[in-house]
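A closer look at the structure
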Amino acid sequence: MGEDSKLPRRAAIARILAERQDTLVVTGLGSSTYDCAAVGDHSFNFYLWGAMGSAVTVGLGLALAQPKTARLGNHWRRRNVDGLGSSRDGRCEKARQFIDCCYRQ
Amino acid sequence: MRRAAREDRSVEMGGNRPVPTGHAHNWPNLVFEKLREFQVRHVTYVPDTGHAQLIELCQAADGMEPTVLTTEEEGIGILAGAWLGGERGVLLMQSSGVGNCINTLSLSKVCGFPLLIIVTMRGEWGELNPWQIPMGQIAAKSLQLAGVIVYEVTEPEAAAPTVEAAARICFNGGLAVAVLLSQRMLGTKLFKD
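Below, the structure is looked at part by part. (Residues numbered from 1 in each chain as written. Chains lettered and ligands numbered in written order. Predicted model: local features only at pLDDT ≥ 70, side-chain atom pairs only at ≥ 80, totals over all residues. Heavy atoms only, no water.)

Looking only at helices and strands, chain B has 10 helices and 6 strands in total. The 193 residues of chain B split such that 54% are buried. Of the contacts formed within chain B by residues at least 6 apart in sequence, a portion of 73% connects residues at least 24 apart. Accessible area for chain B stands at about 8,700 Å²; split by element, carbon and sulfur atoms hold 53% of it. (Helix = DSSP H or I, 4+ residues; strand = E, 2+ residues; numbered from the N terminus. Buried < 20%, exposed > 50% of the residue type's maximum accessible area, 1.4 Å probe, protein only. Contact = heavy atoms within 4.5 Å. Areas by Shrake-Rupley, 256 points an atom, 1.4 Å probe, with all protein chains shown as cover.)

Opposite the 18 residues of chain A that make contact, chain B presents 24 residues. The junction of chain A with chain B conceals about 1,500 Å² of combined surface from both sides, 61% of it contributed by carbon and sulfur atoms. At the junction of chain A with chain B, the criterion picks out 0 salt bridges. On inspection of chain A and its partner chain B, the count reaches 1 residue pair in polar contact (both at pLDDT 80 or more). Counting only elements with at least two residues in the side of chain A that touches chain B, the list comes to α3 (54-65) and α4 (81-87) of chain A. (Buried area = accessible area lost by both parts, 1.4 Å probe. Salt bridge = Lys/Arg side-chain N within 4 Å of Asp/Glu carboxyl O. Polar contact = N/O pair within 3.5 Å; in protein donor to acceptor, adjacent residues only side chain to side chain.)

All names here are of chain B. Of all 6 residues in strand β6 (residues 176-181), 6 are buried; the element is thus mostly enclosed. Side chains of β6 alternate between two faces, with A176, A178 and L180 and V177, V179 and L181 buried alike. Sheet topology note: the strand β4 (residues 115-120)/β6 ladder contains 6 bridges and is parallel. In the sheet register, L116 faces β6, and the bridge partner there is V177. Across 5 bridges, strand β5 (residues 149-153) lies against β6 in parallel orientation. (Pairing = 2+ DSSP bridges.)

Note that all results are geometric; they support no functional claim without further evidence.
What follows is the structure in structure tokens.
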């Protein structure tokens, strides 16, 4: 992969989070944690730095407990396809939006 | 089974009907009542015969949020998220799922989130299935090594009081606590049918 085709992650995340409003952010361990922290800490961020595969499920738990609050997904979803299976039962519109967001990334 | 669970909803509603006590087969109702007492809302579970009655009670209960899992450690993440959202939950699983949870248990430990787990034991007491034995024999020790407080229950009468003690230490202390329900109280599956 050439340098030109690389995604400037820090800039991309900064741009996404600039419009976050009340979005809750759960990061996967590793790069997404660093990227979100680099934008500047926020009380609506929850950073995973381990427990690989838990970003999707933590997000689902939040969605179920706080269905009125917006949220944004993670990019460790491939580790946790099963987690999406657990969460994909359509009980909660925000949970669906959260999952859609995961898929779109 | 489903019908029985629905008929027992009086328990969860605070109950106009008295809950029978001291009956060996009534432990799921009494455990369910304790979960309600401690405002447990999120019930994450892997389907399991030993937990079936408790799961059905939770599914039928107003205001409870059951989530069926594809693998046990997902429950730890969901309950962490629910806690961040201000709500309590419980993880129901069989001892064979304990090993799946080990790394993910770091989430509740590092963050100091409460985690209440109720485990039905296999491979522990007169087990017929040899595949259940390796994990069943190390389930309690594995949980303890991972920093989980373990309460073991061998008599059905002790199930609800133990869940109460576990819930108190869990939610007040921000700790992971597992209640292990022995095959001695659940009965050992003999596959005779």
